[in-house]
Amino acid sequence: MERILITGAGGQLGSELSNALAAKYGNEAIIATDINEKAGEKFDYCTFEILDVLDKERLESLVEQYKVTQVYHLAAILSAVGEKNPLFTWKLNMDSLLNVLELGRMKKINKIYWPSSIAVFGKNTPVDNTPQDCVMDPTTVYGISKLAGERWCAYYFEKYGVDVRSLRYPGLIGYKSAAGGGTTDYAVDIFRAAIDGEEFECFLDKDMYLPMMYMPDAIKATLDLMDAPKEDITIRSSYNVSAISFSPKDIYKVLLKYYPDFKIKYNPDFRQEIAASWPDSIDDTRARLDWDWQHDYDLEKMAKDILSHLAPNK
Ligand code: SER
């Protein structure tokens, strides 16, 4: 039986991925962990443990206690918040990944999932249809840690045969839990403002295109990658995956169809510079060839789905 430990389970991705993994493997297979005790409220359906991912001994003892077979290591500090504390962001993002990879090397777990990001790319990267392999040169500490992490994943696979798999997520958009500290978060927050009838202040320029993905597609990509036969996985650093590309102006136009009085004002801050260093769109041919990746949601379909699930906050 699979036993799956998820770190950072209370976060934007973790909340939904934990649910999807529970639906697939059964509630009893899931050990959701988070540093934040309050996150436990989301996990009445499975085991929940408090875990600081820098605490290597506790991570190892949870793995032994629950006979964990797979770790989904999601805990990280994202791009915008990371810039406020670069050294700690580096420490948290890198040391925690190495703690998990070491469990793989010691054969204490069989499989690891670790998310990378479009933040691995930078100003010298081709901006349209960014290829899998190209100049990277990330500028944020988050991006630097993700690029280094990709190299560590490939290293542990090559040297020790650790079955670690990874995706370079675009901006992830979901409505079930709040985004936390990223540069792409405006595309989550804009829905709340539209529904609540508030003017939205956008921290990016109106024409700032970024690669994005609706959460159900991100979950599908993750589960498909983890299910793929080992021999089909030809990239052990991290796969480009893509779905939608849009700018704040584009998403605003879509929301105007539903809320004709919705107002937006653009007030770019330091996150504009981060966004400007990332690609506009991503070439994910390798994911499509290796494990049949296909996305389901474009911008219109995503907006329709999100708006059908959200009600105004009173
Ligand atoms: N969504 C992330 C961020 O904005 C990128 O991986 O930091």
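Residues numbered from 1 in each chain as written. Predicted model: local features only at pLDDT ≥ 70, side-chain atom pairs only at ≥ 80, totals over all residues. Heavy atoms only, no water.

## Description of the packing of aromatic side chains
For any pair of aromatic rings, the description rests on two quantities: the centre-to-centre distance and the angle between the ring planes.
Okay, so step 1: By the definition in use, this model includes 14 aromatic pairs.
Okay, so step 2: On the basis of an interplanar angle of 65° and a centroid distance of 5.0 Å, the ring pair of Tyr156 and Tyr160 is categorised as edge-to-face. Here Tyr156 and its partner Tyr160 are both found in helix H5 (residues 141–160), 4 residues apart, which amounts to about one turn of the helix.
Okay, so step 3: Taking the relative accessible area as the measure of exposure, Tyr160 reaches 34% and is therefore partly exposed.
Okay, so step 4: Feature note: the residues Trp152, Tyr155, Tyr156 and Tyr160 constitute an aromatic cluster, connected by ring pairs.
Okay, so step 5: Here Arg105 stacks its cationic end above the ring of Tyr160, 5.6 Å away from the centre of that ring.
Okay, so step 6: A cation over a ring is seen here: Arg271 above Phe203, with NZ or CZ 3.6 Å from the ring centre. (Phe/Tyr/Trp six-rings, centres within 6.5 Å; stacked < 30°, edge-to-face > 60°. Helix = DSSP H or I, 4+ residues; strand = E, 2+ residues; numbered from the N terminus. Buried < 20%, exposed > 50% of the residue type's maximum accessible area, 1.4 Å probe, protein only. Lys NZ or Arg CZ within 6 Å of the ring centre and 35° of its normal.)

## A look at the nonpolar core
Okay, so step 1: Of all hydrophobic cores here, the largest spans 79 residues; its most connected members are Tyr186, Phe191, Phe246, Trp291 and Met302.
Okay, so step 2: Broken down by element, this core gets its largest block of residues, 8 residues, from helix H6 (residues 186–196).
Okay, so step 3: By size, the runner-up hydrophobic cluster in this structure holds 24 residues, among which are Val63, Leu101, Trp114 and Val164. (Core = buried A, V, L, I, M, F, W, Y, C linked by side-chain atoms within 4.5 Å.)

## Considering the sheet that holds strand S7 (residues 163–165)
As a general point, the strands of a sheet are linked pairwise by backbone hydrogen bonds and lie either parallel or antiparallel.
Okay, so step 1: The 6 strands lie next to each other as S3-S2-S1-S4-S5-S7, forming an open sheet whose pairing is parallel. The open sheet has two edge strands, strand S3 (47–50) and S7, and neither has a second partner. Sheet twist, expressed as the average angle between the axes of neighbouring strands with direction ignored, equals 20°. (Pairing = 2+ DSSP bridges. Axes fitted to C-alpha atoms, helices over the stretch in contact; angles between N-to-C directions.)

## Examining the environment of Arg105
Okay, so step 1: Looking at where Arg105 falls in the secondary structure, it is placed in helix H4 (residues 86–105).
Okay, so step 2: Note: C-alpha distance between Arg105 and Gly161 (56 residues apart in sequence) is 7.6 Å.
Okay, so step 3: When sequence neighbours within four positions are dropped, the list of residues in contact with Arg105 reads Tyr156, Tyr160 and Val162.
Okay, so step 4: A polar atom in the side chain of Arg105 sits 2.7 Å from the side chain of Glu102. (Contact = heavy atoms within 4.5 Å. Polar contact = N/O pair within 3.5 Å; in protein donor to acceptor, adjacent residues only side chain to side chain.)

## Points about H6
Okay, so step 1: Taken across its 11 residues, H6 has 8 buried, putting it largely inside the fold.
Okay, so step 2: Residues of H6 that are buried include every one of Tyr186, Ala187, Val188, Ile190, Phe191, Ala193, Ala194 and Ile195, and no others.
Okay, so step 3: Gly197 occupies a position one or two residues after H6 and carries a positive phi of about 70°.

## A few points about the packing of H6 against helix H8 (residues 248–258)
Okay, so step 1: With their axes 11 Å apart at the nearest point, H6 and H8 run at an angle of 25° to one another. One finds that H6 runs roughly parallel with respect to H8. Crossing of H6 against H8: the hand is right-handed. On the side of H6, the interface is formed by Tyr186, Ala187, Ile190, Phe191 and Ala194, while H8 contributes Pro248, Ile251 and Leu255.
Okay, so step 2: Partitioned by chemical class, the residues of the contact of H6 with H8 number 8 nonpolar, no polar and no charged. (Parallel < 35°, antiparallel > 145°, perpendicular 65-115°, else oblique. Left-handed = near helix turned anticlockwise from the far one by under 90°. Nonpolar A, V, L, I, M, F, W, Y, C, P; charged D, E, K, R; others polar.)

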